[in-house]
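So the chains spell out like this:
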Amino acid sequence: MPTLGIDTSNYTTSVAVFDGVGGKNIGCALQVREGELGLRQSDALFQHVRQLPQLFAALREAGLLHAITAVAASTQPRQVQGSYMPCFLPGEGMGRALADTLDVPFYPVSHQQGHLAAAAWSAGRMDLLETPHLAWHLSGGTTELLLVTPEGNGLHAVILGGSTDISAGQLIDRTGKLLGLPFPAGKALDALAETCGAQAFPVKIDGFSFSLSGMENKVGEQCRQGEPPAHIAAFVFATVCGVIRRVTDAARALYPGLPVICSGGVASSRVLRAGLRDVLFAAPEFATDNAMGVAILAYRNEKGGT
């Protein structure tokens, strides 16, 4: 029986239905004013409130809202105490109201847990939800290496390392702004990077942690020196790919045999996928923000993990 998932992130409003094998995700990107690098939480919240009814109408027209047995929504960025962002309030509120109306259970999950579940399912590795594994969450707000273990019918993620300052997504978007690309800049910068090669900047690693702020300064220098945009784009992706690969190798030495999977918007990069062939990736359409993983977690909770 199908379950419903809702995710209202900083970047996208999403709803999804999952039936135990497959499903449908419908999302709509939030609109960012030209020249800006994101949204205030109040603006994101307002756009979610406007867009959610439209997305549910699309699910209804597709005949996907019949016999819903459970509802889940992202209620916080991570499943840890104190993790909070107002943008998740519209999805949680609508999810709880729908669950009460339908007289079905409501399951609160985190945005990160949704990413992890969607990645495993879309990579054809639902078995990862039953076993420990390593995962990269690479997005506009997060660059984290996680140790993921099953917890009941959900997932428990412990941060092992990652960026200590700006995320890979922030580096990409700030580079895009310097080059005059629209926000979010990931797709356009990725396409530019595919047209040429570049040497990676030797980012220093401390255990499993590293800093990307120095890279931002290097990109600024290259722009002022008039380096071609394609070279700058390739330089950024070569550096991100290089540091991810080095930290992954270090983690594999400490956790031998554990699979590694990448999720988050940055993980949809074709350059990154080509440079990290020995790791798993979420399907591109389920690497970016989506509600499919949230619906999957609702199904697992409702069916007891089956």
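## Brief notes about the overall build of the protein chain
For the protein chain, the count of helices and strands is 10 helices and 12 strands. Against the compact-globule benchmark of 19 Å for 306 residues, the protein chain has a radius of gyration of 19 Å, which places it among compact chains. In terms of overall dimensions, the protein chain has a C-alpha envelope of 60 × 45 × 35 Å along the principal axes. For the protein chain, buried positions account for 50% of its 306 residues. Here the contacts in the protein chain between residues at least 6 apart in sequence split such that 68% fall between residues at least 24 apart. Of the roughly 13,200 Å² of accessible surface on the protein chain, 54% is carried by carbon and sulfur atoms. Seen as two clouds, the 22 positive and the 26 negative side-chain charges of the protein chain have centres 4 Å apart.

## Quick notes on the nonpolar core
Trp136, Phe210, Val236, Ile244 and Leu272 are the most contacted members of the largest nonpolar core, which has 68 residues in total. What Ile244 contacts, discounting residues up to four positions off in sequence, is Trp136, Leu138, Phe210 and Leu276. In this structure, Ile6, Leu59, Val104 and Phe106 belong to the second largest nonpolar core, which totals 15 residues.

## Examining the pairing of strand S7 (residues 143–151)
Where strand S6 (residues 133–138) lies against S7, six bridges are found, and the strand directions are antiparallel. Bridged to His133 within S7 is Val148. Joining the antiparallel neighbours S6 and S7 is a turn of four residues. Here S7 runs beside strand S8 (residues 154–163); their pairing, made up of eight bridges, is antiparallel. Looking across to S8, one finds that Glu151 is bridged to Gly154. A loop of two residues connects S7 with S8, the two strands running antiparallel in sequence, and Gly152 in this loop sits at a positive phi of about 65°.

## Observations regarding the pattern of salt bridges
Taken as a whole and judged by the stated rule, the model has nine salt bridges. Its salt-bridge partner being Glu130, residue Arg300 comes within 3.0 Å of it at the nearest N-O pair. Here Arg300 is found in helix H10 (residues 292–302), whereas its partner Glu130 is found in the loop between helix H3 (111–122) and S6, with 170 residues between them in sequence. Judged by relative accessible area, Glu130 falls into the partly exposed class, the value being 48%.

## Here's the deal with the sheet that holds strand S4 (residues 70–76)
Spatially, S3-S2-S1-S4-S5 is the arrangement adopted by the five strands of the open sheet, whose pairing is mixed. Of all strands in the sheet, those bounded by a partner on one side alone are strand S3 (23–29) and strand S5 (106–110). Taken over all neighbouring pairs, the strand axes of this sheet differ in orientation by 20° on average, direction set aside. Across five bridges, the pairing between S4 and S5 is parallel. Bridge pairing in S5 links Val71 to Phe106. Across the sheet, helix H1 (residues 41–61) touches strand S1 (3–8), strand S2 (12–18) and S3, and the angle it forms with S2 is around 30°.

## Describing the packing of helix H5 (residues 186–193) against helix H7 (residues 229–254)
Between H5 and H7, the shortest axis-to-axis distance is 7 Å and the interhelical angle comes to 105°. With respect to each other, H5 and H7 are oriented roughly perpendicular. Within the contact between the two elements, H5 uses Gly186, Leu189, Asp190, Leu192 and Ala193 and H7 uses Pro229, Ala230, Ala233, Ala234, Val236 and Phe237. Partitioned by chemical class, the residues of the contact of H5 with H7 number nine nonpolar, one polar and one charged.

## Remarks on the sheet that holds S6
The strands that make up a sheet pair up through hydrogen bonds in the backbone, lying either parallel or antiparallel. Taken in spatial order, the seven strands make up an open sheet running S9-S10-S8-S7-S6-S11-S12, and their pairing is mixed. What marks the edges here is a single partner per strand, and that holds for strand S9 (205–206) and strand S12 (280–281). Its contacts with the sheet place H3 against S6, S7, S8 and strand S11 (260–263), and it is angled at close to 120° to S11.

What counts and what doesn't
Starting afresh in each chain, residues are numbered from 1 along the sequence in its written order. pLDDT decides what is reported in this predicted model: residues at 70 or higher carry local features, side-chain atom pairs at 80 or more are listed and counted, and totals for whole chains, interfaces and linings draw on all residues regardless. Side-chain metrics in this entry use all non-hydrogen atoms of the structure; hydrogen atoms and water are not considered. For helices the rule is a DSSP run of H or I covering at least 4 residues; for strands it is a run of E covering at least 2, with both sets numbered from the N terminus onward. Put simply, the radius of gyration uses C-alpha atoms, and a globule should come to 2.2 Å times the residue count raised to 0.38. Buried means the residue's accessible area, taken with a 1.4 Å probe over protein chains only, is under 20% of the maximum for its type, while exposed means over 50%, and partly exposed covers the values in between. The contact criterion used throughout is that any non-hydrogen atoms of two residues lie within 4.5 Å. Values of accessible area rely on a 1.4 Å probe in the Shrake-Rupley scheme; residue burial ignores everything except the protein chains shown. Charged-residue counts in this description rest on Lys and Arg as positive and Asp and Glu as negative, His and the chain ends being excluded. Lys charges are placed at NZ, Arg charges at CZ, Asp charges at CG and Glu charges at CD. Think of a nonpolar core as a cluster: buried Ala, Val, Leu, Ile, Met, Phe, Trp, Tyr and Cys residues, connected wherever their side-chain atoms sit within 4.5 Å. Only strands joined by at least two bridges in the DSSP assignment are considered to pair. Only one rule defines a salt bridge in this text: a Lys or Arg side-chain nitrogen within 4 Å of an Asp or Glu carboxyl oxygen. An axis is simply a line fitted to the C-alpha atoms; with a helix, the fit covers only the stretch in contact. Between two such axes, the angle follows the N-to-C directions and lies from 0 to 180 degrees. Throughout this description, any angle smaller than 35 degrees is read as roughly parallel, any larger than 145 degrees as roughly antiparallel, any in the 65 to 115 degree range as roughly perpendicular, and the remainder as oblique. The residue classification treats Ala, Val, Leu, Ile, Met, Phe, Trp, Tyr, Cys and Pro as nonpolar and Asp, Glu, Lys and Arg as charged. All others, Gly included, are polar.

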